[in-house]
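# A closer look at the structure
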Amino acid sequence: MSTIHYQKSGQVASLTISSPPANALSRAILEQLEAVLDEVEQEQDIKALILKGEGKFFSAGADIKEFTSLQQAEDYTALAKQGQELFNRMEGFKIPIIAAVHGAALGGGLELAMACHIRLVSEQAKLGLPELTIGIIPGFAGTQRLPAYVGAAKAYEMILTGEPISGRMAAEYGLANHSYPEEVLFEKANELAAKVAAKSGPTIHRVMKLIPYTKNKNFQEGIEAEAEAFGEIFGNEDASEGITAFIEKRKPSFQDK
Ligand SMILES: C/C=C/C(=O)SCCNC(=O)CCNC(=O)[C@H](O)C(C)(C)COP(=O)(O)OP(=O)(O)OC[C@H]1O[C@@H](n2cnc3c(N)ncnc32)[C@H](O)[C@@H]1OP(=O)(O)O
């Protein structure tokens, strides 16, 4: 069963995405994440949150198989908005969220990690936005958050090639705070969360309110345009071909239509 496990240990809580085999972000998983954040918000004493994935990966992104159940451009736009709004809520959360990324954070999985305040990654993890490889575009604010972390030039390359970068390179690019061997990643995340949790709660909350003032003012406009474009692109034959090819485990044959 797909779920988000919520575990509290002192003043640190962990949220674990458990949606085998790839921790794909179905609409149901996004709703569960929303519900768990509601629960966390009720707890007065939590000072740091760790977000991680169970199994082989952090998350392989939106649930590509679920895409076939949607019909209209508006349905896809609504899906993009669901993810964007949740991720905006996370970015504006008063409790710092540390993403501990192992295996892969691709597409919506990377977009989720980018909505966290700090990213620790395993050295060999694959981080990327591969949507163009399946004939679609990023839709959970990746076109806006990735350039903010790595600069426009690297974001163009990563999005247009669809090729992932390693965790080690993500730390070099500024996309991740640090990279570690996978076997120590979660320990490092716990250590960092403990350092944060040792601080006074009111000071943490003030900082969490202040740092978002640095955000680019065009961001909201950018994600609205992204959600519209995400919906429109699904009307293309190449999107159907890309998604079918992924499900059939073959290379897509795009016709530029
Ligand atoms: C708005 C947001 C949009 C998006 O996020 S679009 C999605 C963007 N993400 C991707 O395009 C990533 C797609 N997945 C992959 O590239 C690969 O997978 C991995 C690199 C993550 C893993 O590769 P490997 O280790 O070879 O495993 P495997 O056999 O490809 O996958 C294991 C099972 O996981 C399913 N799966 C993987 N990613 C997704 C996904 N994003 N949505 C739904 N299912 C997914 C596969 O189909 C398969 O399933 P089965 O065992 O039944 O054949």
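- Per an unreviewed UniProt entry, the protein chain carries the name Enoyl-CoA hydratase and comes from Sediminibacillus dalangtanensis.
- Check the Sequence similarities (unreviewed entry) section of the UniProt entry for the protein chain; it says "Belongs to the enoyl-CoA hydratase/isomerase family."

### Notes on the site of the ligand
- The environment of the ligand is made up of 24 residues, and the closest members are A60, A62, I64, G108 and K249.
- One of the backbone N or O atoms of I64 is found 3.0 Å from a nitrogen atom in the ligand.
- Side-chain polar atom of K65 to an oxygen atom of the ligand: 3.0 Å apart, as the coordinates give it.
- Relative to its unbound accessible surface of 970 Å², the ligand loses 72% to contact with the protein.
- Those elements that provide at least two residues to the shell around the ligand are α2 (64–67) and α4 (108–114).
- For the shell around the ligand, the element with the most residues is α2, which contributes 3 residues.

### What to know about the packing of aromatic side chains
- Per the stated rule, a full pass over the model turns up 5 aromatic pairs.
- Centre to centre, the rings of F67 and F234 are 5.2 Å apart; their planes meet at 70°, and the pair counts as edge-to-face. With F67 in helix α2 and F234 in the loop between α10 (219–233) and α11 (237–247), this residue pair connects regions lying 167 residues apart in the sequence. Each member of the pair, F67 as well as F234, is classed as buried.
- One aromatic cluster is present, formed by F67, Y76, F230 and F234 through successive ring pairs.
- Seen from the ring of F219, K215 lies directly overhead, with NZ or CZ sitting 3.8 Å from the centre.

Calculation criteria
- Residues numbered from 1 in each chain as written.
- Predicted model: local features only at pLDDT ≥ 70, side-chain atom pairs only at ≥ 80, totals over all residues.
- Heavy atoms only, no water.
- UniProt positions renumbered as here; feature names shortened; annotations may be inferred.
- Near = heavy atom within 4 Å.
- Polar contact = N/O pair within 3.5 Å; in protein donor to acceptor, adjacent residues only side chain to side chain.
- Areas by Shrake-Rupley, 256 points an atom, 1.4 Å probe, with all protein chains shown as cover.
- Helix = DSSP H or I, 4+ residues; strand = E, 2+ residues; numbered from the N terminus.
- Phe/Tyr/Trp six-rings, centres within 6.5 Å; stacked < 30°, edge-to-face > 60°.
- Buried < 20%, exposed > 50% of the residue type's maximum accessible area, 1.4 Å probe, protein only.
- Lys NZ or Arg CZ within 6 Å of the ring centre and 35° of its normal.

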